[in-house]
Amino acid sequence: MEKDKAKAVLEAILFTMGDSVEIDRLAAVIEEDKNTTRQLLEEMAADYQKEDRGIGLTTLEDAVQMCTKSELYEYLIKIAKTPKKFVLTDTLLETLSIIAYKQPITRLEIEKVRGVSCDHAVNRLLEFDLITEVGRMDAPGRPLLFGTTEQFLRSFGVKSIDELPELSAVQIEEFKQQAESEVQMQLDI
Amino acid sequence: MEKDKAKAVLEAILFTMGDSVEIDRLAAVIEEDKNTTRQLLEEMAADYQKEDRGIGLTTLEDAVQMCTKSELYEYLIKIAKTPKKFVLTDTLLETLSIIAYKQPITRLEIEKVRGVSCDHAVNRLLEFDLITEVGRMDAPGRPLLFGTTEQFLRSFGVKSIDELPELSAVQIEEFKQQAESEVQMQLDI
Amino acid sequence: MAIPVKLEVFEGPLDLLLHLIDKNKVDIYDIPIVEITEQYLEYIRQMETEDMNVMSEFLVMAATLIDIKCKMLLPKEVNEEGEEQDPRAELVEKLLEYKMCKYMSYELRDRMVDAERNLYKRPTLPPEVAQYRQPVDYEELIGDMTLQRLHEIFKQMMKRQEDKIDPVRSTFGRIEKDEIDLDLKTTYVEAYVRSHKTFSFRKLLEKQHSRMEVIVTFLVVLEMIKTGRIGISQDDIFADIIITANETADNGPVQLTSLG
């Protein structure tokens, strides 16, 4: 294989694999012998030494791996610490309210109320530690049940979930009647 | 930060993270403003164009991600596992393109264009993380609005939703004129 | 889902319609509505689907096509600017929009094939970085959200769920077919013709109590015209239609078998 092309292929493979790759396997892909491959890798490693490069190659026995230059390590920590904005979107709030008032509840039940899949929202709320897995439902597939956490109680200033205001049966009946009268109005027009 | 150093840091971060990183966060780490950071990334992208490089940068709205060059794909699949593909049926693709072009959009509006109900398709697209809820419409019943995700941009090689492939203005105009001259009707597309 | 294999070819009524327009090599802007409607109806007749949701979507379009077909037969409506309105305009617009969306979906598919050739890398964060969990700033996260507002949100959601149930239709039981006896109606109209000789069509219809009765009466009148039992005349478009008994015609019973 033409030299520049071979280097490009090696770089792409080492990048996408992330792990160490045996030089034999690399040689097979670029259709060169092991020595030539080794030489190409050495040339690449020399290129990576340049000031403006952030990656490098580590050779381990008969394998090679792409990695970050160790002197740049502090910046990796820095990026991990750059604050992400935490926001409770409408979707998250709606999902949270369903879990709070209907706990313990499965994903499927949440989806029934909202009418859309809720995986993303549930994962975010788990990440925020506002909800947690509280067990599994005794039903086919044993789906996970979710409930609110102590952090949720703390954040909303409640001592126990028993203190959550309830939707009474009366209120639900009221909703039904409201819905009916609204439709009736539309029919009358 | 010194320019070469900044580039090295950016390369190291993008390599390590693997995922897309918001330009804002990158700018914070190298302590430069967003424009300078964007410019540095562009210079890096130009360097990656060289024959002997195997990686490149993809822009996804206001974030950037490192990836392999597409022309090297056939060599890479000899050794790397191809990512799990999702199968997009015609229904899913049609629904997705309506959402992409008309976002934010409600289910009802999607159904109007396709003439068929879209619940199943919307749920599948949500599962594939190609679309997401973006809010609720300020209309009776407050219906959910949907829009595309970063995964959508990545999967379809679109840099930003402003850059979606378009029916050229000329083509649309041609369509319209044909129509109007033939049946003398006003089309409002 | 009980979608038959045959149906999978089409993504819905618009898709089927575009296919027919394409197959007939006709212009989308000048649809020969009679032929296309016939072909469309023929197709949905062959659809053996139990799924009422799928079927109803196709039936709605069938009704639209028939509606357009009827309008094409009537004098053209004129809009405020005095221009003639093509009854097909709305459908053409819908078809065009759908066609564009289909075109875009092909365009997207091509792009997906290209984009799949870019490979990415999973994160390889050093353990210290990977384990770092940014503390959630609950002050910022919760903001001015209160339990009361969370409760409001929940209430709204429950209300929306109730709204979704159509209080009228959800109480429907079986819908009983309102049978109108064709023979009885025939006897009735015959008697009416005999006793009135010359009368207004509108008057006859006004005596009917339901839409179904009006339709059956209309069918009986049509059949009587066909057999020559009655004649009709109309002075002007939209004027009342006058029905006159034809005394010379054979007085045998009206055959309605052909009405199906």
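This structure is a prediction, so every number in the text was calculated from the model and none was measured.

Cut-offs and rules
- Going along each chain's sequence as written, the residues are numbered from 1 onward.
- Each chain is given a letter, starting from A, and each ligand a number, starting from 1, according to the order in which they appear as written.
- Where local features are concerned, this predicted model is filtered to residues with pLDDT of at least 70; where side-chain atom pairs are given and counted, the filter is 80 or more; whole-chain, interface and lining totals use all residues.
- Neither water nor hydrogens contribute to the side-chain values; these are computed over all heavy atoms in the structure.
- Each helix is a run of H or I in the DSSP string that is no shorter than four residues. Each strand is a run of E no shorter than two, and both are numbered from the N terminus.
- Partly exposed describes any residue whose relative accessible area lies between the buried limit of under 20% and the exposed limit of over 50%, with all areas from a 1.4 Å probe on protein chains only and scaled to the type maximum.
- In what follows, residue pairs with any heavy atoms lying within 4.5 Å of each other are defined as contacts.
- Per-residue and other accessible areas were derived by the Shrake-Rupley procedure at a 1.4 Å probe size, with only the shown protein chains allowed to occlude residues.
- Should DSSP find at least two bridges between two strands, the strands are taken to pair.
- Axes, fitted as lines to C-alpha atoms, cover a helix only where it is in contact. Angles between the N-to-C directions of the axes lie from 0 to 180 degrees.
- Here the quantity called buried area is the total loss of accessible area, with a 1.4 Å probe, experienced by two parts when brought into contact, counted for both.
- We count a salt bridge whenever a side-chain nitrogen from Lys or Arg sits within 4 Å of a carboxyl oxygen from Asp or Glu.
- Within 3.5 Å is the distance limit for a polar contact, defined as a pair of N or O atoms, with the added protein rule that one can donate a hydrogen and the other accept it, and that residues adjacent in sequence qualify only through two side-chain atoms.
- Under the grouping applied here, Gly and all other residues not named as nonpolar or charged are polar, the nonpolar ones being Ala, Val, Leu, Ile, Met, Phe, Trp, Tyr, Cys and Pro and the charged ones Asp, Glu, Lys and Arg.
- Throughout this description, any angle smaller than 35 degrees is read as roughly parallel, any larger than 145 degrees as roughly antiparallel, any in the 65 to 115 degree range as roughly perpendicular, and the remainder as oblique.
- Two rings belonging to Phe, Tyr or Trp (six-membered ring only in the last case) form a pair when the distance between their centres is within 6.5 Å. Interplanar angles under 30 degrees mark stacking, angles over 60 mark edge-to-face geometry, and anything in between is tilted.
- We call a set of buried Ala, Val, Leu, Ile, Met, Phe, Trp, Tyr and Cys residues a nonpolar core when their side-chain atoms join them within 4.5 Å.
- By definition, any crossing whose near helix is turned counterclockwise from its far helix by less than a right angle is left-handed, and any crossing with a clockwise turn is right-handed.
- Here, expected helix span is obtained from the residue count minus one, scaled by 1.5 Å.
- Note that the arc is computed from the directions linking the helix axis to the C-beta atoms.

Caption draft 1: Highlighting the overall build of chain A. Scanning chain A from N- to C-terminus turns up nine helices and five strands. Within the span of chain A, comprising 189 residues, buried residues form 44% of the whole. In chain A, once contacts between residues fewer than 6 apart in sequence are set aside, the share between residues at least 24 apart is 44%. Accessible surface, chain A: about 10100 Å² in total, of which carbon and sulfur atoms supply 49%.

Caption draft 2: Fine view of the sheet that holds strand 3 (residues 63-68) of chain A. In space, the three strands of this open sheet follow the order 1-3-2 (chain A), with antiparallel pairing throughout. Lying at the two open borders of the sheet, with one neighbouring strand each, are strand 1 (21-22) and strand 2 (55-60) of chain A. As paired elements, strand 2 of chain A and strand 3 of chain A share six bridges and run antiparallel to each other. Counterpart to G56 of chain A in the pairing with strand 3 of chain A is C67 of chain A. Where helix 1 (residues 3-17) of chain B meets the sheet, its contacts fall on strand 2 and strand 3 of chain A, and the angle it forms with strand 3 of chain A comes to roughly 120°.

Caption draft 3: Region of the structure containing the interface of chain A and chain B. On the chain B side, the residues contacting the 40 residues of chain A number 41 residues. When the two sides are added together, the surface that chain A and chain B hide from each other amounts to roughly 3700 Å², 63% of it contributed by carbon and sulfur. For the chain A face of the interface with chain B, the top three residues by lost area are F15, Y75 and I79 of chain A, together amounting to 18%. In this assembly, chain A and chain B are joined by five salt bridges.

Caption draft 4: Spotlight on the interface of chain B and chain C. Facing 59 residues of chain B, the contacting portion of chain C comprises 42 residues. Between chain B and chain C we count four salt bridges in total. For K102 of chain C, the salt bridge goes to E94 of chain B, with nearest N and O atoms at 3.1 Å. Scanning the region where chain B abuts chain C turns up 11 residue pairs in polar contact (both at pLDDT 80 or more). Broken down by secondary-structure element, the contributors of at least two residues to the side of chain B that touches chain C are helix 1, strand 3 (63-68), helix 4 (73-76), helix 5 (90-102), helix 6 (107-114), helix 8 (150-156) and helix 9 (169-183) of chain B. The element contributing the most residues to the side of chain B that touches chain C is helix 5 of chain B, with eight residues. Here the side of chain B that touches chain C is composed, by residue class, of 26 nonpolar, 17 polar and 16 charged.

Caption draft 5: Structural context of the packing of helix 2 (residues 23-30) of chain A against helix 3 (residues 34-48) of chain A. Residues and elements named next belong to chain A. Between helix 2 and helix 3, the least distance of the axes is 9 Å, while the angle of their chain directions is 100°. By the angle between their axes, helix 2 is roughly perpendicular relative to helix 3. Residues I23, D24, L26, A27 and I30 of helix 2 pack against K34, T37, R38, L40 and L41 of helix 3. When the residues that make up the contact of helix 2 with helix 3 are grouped by side-chain class, the tally is six nonpolar, one polar and three charged.

Caption draft 6: Layout of the environment of E223 of chain C. With respect to the helices and strands, E223 of chain C occurs in helix 10 (residues 211-226). Between the C-alpha atoms of E223 of chain C and T186 of chain C, which are 37 residues apart in sequence, the distance is 9.8 Å.

Caption draft 7: Structural context of the packing of aromatic side chains. Residues and elements named next belong to chain B. Scanning all chains against the criterion turns up seven aromatic pairs over all chains. Plain terms: the ring middles of F152 and F156 are 5.0 Å apart, the flat faces sit at 35° to each other, and that makes the pair tilted. Of this pair, F152 and F156 both sit in helix 8, four residues apart, roughly one helical turn. Judged by its relative accessible area of 1%, F156 is buried.

Caption draft 8: Molecular detail of the environment of P87 of chain C. Residues and elements named next belong to chain C. Along the chain, the position of P87 falls in the loop between helix 3 (52-73) and helix 4 (89-115). Distance in space between the C-alpha atoms of P87 and E38 is 17 Å, their sequence separation being 49 residues. Excluding anything up to four places from it in sequence, P87 contacts I68, K71 and M72.

Caption draft 9: Layout of the nonpolar core. Membership of the largest hydrophobic core comes to 58 residues, with the highest contact counts inside it found for L88, F152 and F156 of chain B together with Y40, L91 and L95 of chain C. With eight residues, the single largest contributor to this core is helix 4 of chain C. Non-local contacts of L91 of chain C, meaning those with residues more than four positions away in its chain, are made with L17, I31, I33, M61, L65 and I68 of chain C. The next biggest cluster of nonpolar side chains, apart from the first, holds 56 residues, and it includes I13 of chain A together with A12, M17 and A80 of chain B.

Caption draft 10: Structural view of the packing of helix 1 of chain B against helix 2 (residues 23-30) of chain B. All names here are of chain B. One way to put it is that helix 1 packs onto helix 2 with a least axis distance of 10 Å and a crossing angle of 135°. Taken together, the axis directions place helix 1 and helix 2 in an arrangement best described as oblique. Crossing handedness for the pair helix 1 and helix 2: right-handed. On helix 2, the residues that touch A6, V9, L10, I13 and L14 of helix 1 are L26, V29 and I30. A breakdown of the residues in the contact of helix 1 with helix 2 according to their chemical character gives eight nonpolar, no polar and no charged.

Caption draft 11: Focus on helix 10 of chain C. All names here are of chain C. With 16 residues, helix 10 should reach 22 Å at 1.5 Å per residue; the first-to-last C-alpha distance of 23 Å fits that figure. Of all the positions in helix 10, only E213, V216, T217, V220, V221, E223 and M224 are classed as buried. Buried residues of helix 10, seen end-on, are gathered within an arc of 165° and therefore sit on one face of the element. In helix 10, the exposed positions that point more than 90 degrees away from the buried face belong to R211 and K226. On the buried face of helix 10, the contacting elements are helix 8 (182-196), helix 9 (201-206), strand 2 (230-234) and strand 3 (241-245).

Caption draft 12: Examining the sheet that holds strand 1 (residues 21-22) of chain B more closely. Residue and element names in this part refer to chain B. Spatially, the three strands line up as an open sheet ordered 1-3-2, and their pairing is antiparallel. In this open sheet, the two strands that pair with only one neighbour each are strand 1 and strand 2 (55-60). Most of the contacts of helix 1 go to strand 3, to which it runs at about 75°, and overall it touches strand 1, strand 2 and strand 3. Contacting strand 2 and strand 3, helix 3 (residues 34-48) crosses the sheet at an angle of about 140° to strand 2.

Caption draft 13: Summary view of the pairing of strand 3 of chain B. Residue and element names in this part refer to chain B. In terms of burial, strand 3 is a largely internal element, six of the six residues being buried. When strand 1 meets strand 3, the two strands line up antiparallel, connected through two bridges. Paired with E22 across the strands is A63, a residue of strand 3.

Caption draft 14: Seen up close, the pattern of salt bridges. Counted according to the given criterion, the structure contains 39 salt bridges over all chains. Measuring nitrogen to oxygen at the nearest pair gives 3.5 Å for the salt bridge that ties D24 of chain A to K34 of chain A. On the criterion of sequence distance, the pair formed by D24 of chain A in helix 2 and K34 of chain A in helix 3 is long-range, its members being 10 residues apart. Put simply, E11 and R53 of chain A together with E11 and R53 of chain B are held in one network by salt bridges that share partners.

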